[in-house]
Amino acid sequence: MMRLAVFASGEGSNFGALIRAARRQELGATLALLVTDREEAGAISRAQDAGIPHVMLLPRPAETFGERLLATLKRFQIEGIVLAGYLRHIPAEVIHAFPNRILNIHPSLLPAFGGHGFYGMRVHKAVLAYGCKISGATVHLVDEHFDTGPVVLQDAVPVLDSDTPETLAARVLSLEHELLPAAVRLLASGQLRVEGRRVFHPLSP
Ligand code: GRF
């Protein structure tokens, strides 16, 4: 099975969803490593509870981040990468070493409310401020920029008049926990066919 590294900077609830799917033999991949950039990431205790090795890699000095990442991924024989709430930019040499094998999940319907500075509550605040009637989540392949790679899966949730950024975030997050494992299954089973910006797979409508 494909050996995956999950990158997480925060709570790691998406990482938790992947762990649960793997436990149910529904991921079709091995969660072989957690990479984080913060000692206090909640994802670390999830990795420890699940017996998954974790490494802390600081992006500074930037000049060596790419080679340090690649050396670590090689050491753990990693074949694919999932960014699950990871806030750092992935160096170009890592993207080139894993062509169409790096997934990211973003809590909006990209390209709306994506790109530099759009993360966490900022996304949901912007969606509410704009007056959108739906929002959602996007899983996409990672390219050299933030949130701009080809879309693998998207799904929508309603935005309620009564919503706060927190209530909207919670609704989107529970959708993320469905979408990310489904996208990882497609990646791990080699079912993603990428043609330019378009990604074709069996879950495509
Ligand atoms: C999620 O909203 C995800 O879309 C975004 O960062 C958040 C991570 O949440 N990339 P968690 O750490 O997985 O709970």
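Residues numbered from 1 in each chain as written. Predicted model: local features only at pLDDT ≥ 70, side-chain atom pairs only at ≥ 80, totals over all residues. Heavy atoms only, no water.

Peer 1: What is the right way to look at the overall build of the chain in this model?
Peer 2: Looking only at helices and strands, one finds six helices and nine strands in the chain. Computed over C-alpha atoms, the radius of gyration of the chain comes to 16 Å, within 12% of the 17 Å expected from 2.2 N^0.38 for 205 residues, which places it in the range of a compact globule. Seen through its C-alpha atoms, the chain measures out along the principal axes to roughly 50 × 35 × 35 Å. Taking as baseline every contact in the chain between residues at least 6 positions apart, the subset at least 24 positions apart corresponds to 65%. With the model as given, the accessible surface of the chain reaches about 10,000 Å², and the carbon-plus-sulfur share is 55%. A gap of 2 Å separates the mean positions of the 20 positive and 20 negative side-chain charges of the chain. (Helix = DSSP H or I, 4+ residues; strand = E, 2+ residues; numbered from the N terminus. Rg over C-alpha atoms; globule rule 2.2 N^0.38 Å. Contact = heavy atoms within 4.5 Å. Areas by Shrake-Rupley, 256 points an atom, 1.4 Å probe, with all protein chains shown as cover. Lys, Arg positive; Asp, Glu negative; His and termini not counted. Charge placed at Lys NZ, Arg CZ, Asp CG, Glu CD.)

Peer 1: Got a minute to help me understand the site of the ligand in this structure?
Peer 2: Lining the immediate environment of the ligand, one finds Glu-11, Gly-12, Ser-13, Asn-14, Gly-85, Ile-105, His-106, Pro-107, Leu-173 and Glu-176. Taking Gly-12, its main chain carries an N or O atom lying 2.8 Å from an oxygen atom of the ligand. A distance of 2.8 Å separates an oxygen atom of the ligand from a polar atom in the backbone of Asn-14. At the level of secondary structure, the elements contributing two or more residues to the shell around the ligand comprise α1 (13-23), β5 (102-106) and α6 (165-188). (Near = heavy atom within 4 Å. Polar contact = N/O pair within 3.5 Å; in protein donor to acceptor, adjacent residues only side chain to side chain.)

Peer 1: In this structure, what is going on with helix α3 (residues 62-75)? I would like to understand it.
Peer 2: The periodicity of an α-helix, 3.6 residues per turn, causes residues three or four positions apart to be oriented the same way. The end-to-end C-alpha distance of α3, which contains 14 residues, comes to 20 Å, matching closely the 20 Å that a straight helix rising 1.5 Å per residue would cover. Among the residues of α3, Phe-65, Gly-66, Leu-69, Thr-72 and Leu-73 are the ones counted as buried. One side of α3 holds all its buried residues, which, seen down the axis, span an arc of 135°. Residues of α3 that are exposed and angled more than 90 degrees away from the buried face: Glu-63, Glu-67, Lys-74 and Arg-75. (Expected span 1.5 Å × (residues − 1). Buried < 20%, exposed > 50% of the residue type's maximum accessible area, 1.4 Å probe, protein only. Arc of directions from axis to C-beta.)

Peer 1: What exactly am I supposed to notice about the side chain of Asp-163 here?
Peer 2: Its location among the elements puts Asp-163 in the loop between β7 (151-158) and α6. At a separation of 2.7 Å, a polar atom in the side chain of Asp-163 contacts the side chain of Thr-167.

Peer 1: How do you make sense of unusual backbone geometry when you look at a structure like this?
Peer 2: Outside of glycine, negative phi angles account for most residues, and trans bonds account for most peptide bonds. With an omega dihedral of -10°, the bond running from Arg-60 to Pro-61 counts as a cis peptide bond. Mapped onto the elements of the fold, Pro-61 is located in the loop between β3 (54-56) and α3. Omega for the bond connecting Leu-110 with Pro-111 falls within 30 degrees of zero, at 10°, which places this linkage in the cis form. Mapping Pro-111 onto the fold places it in the loop between β5 and α5 (121-130). In the Ramachandran plot, Gln-25 falls in the positive-phi region, its phi being about 55° despite a non-glycine side chain. With a relative accessible area of 70%, Gln-25 lands in the exposed category.

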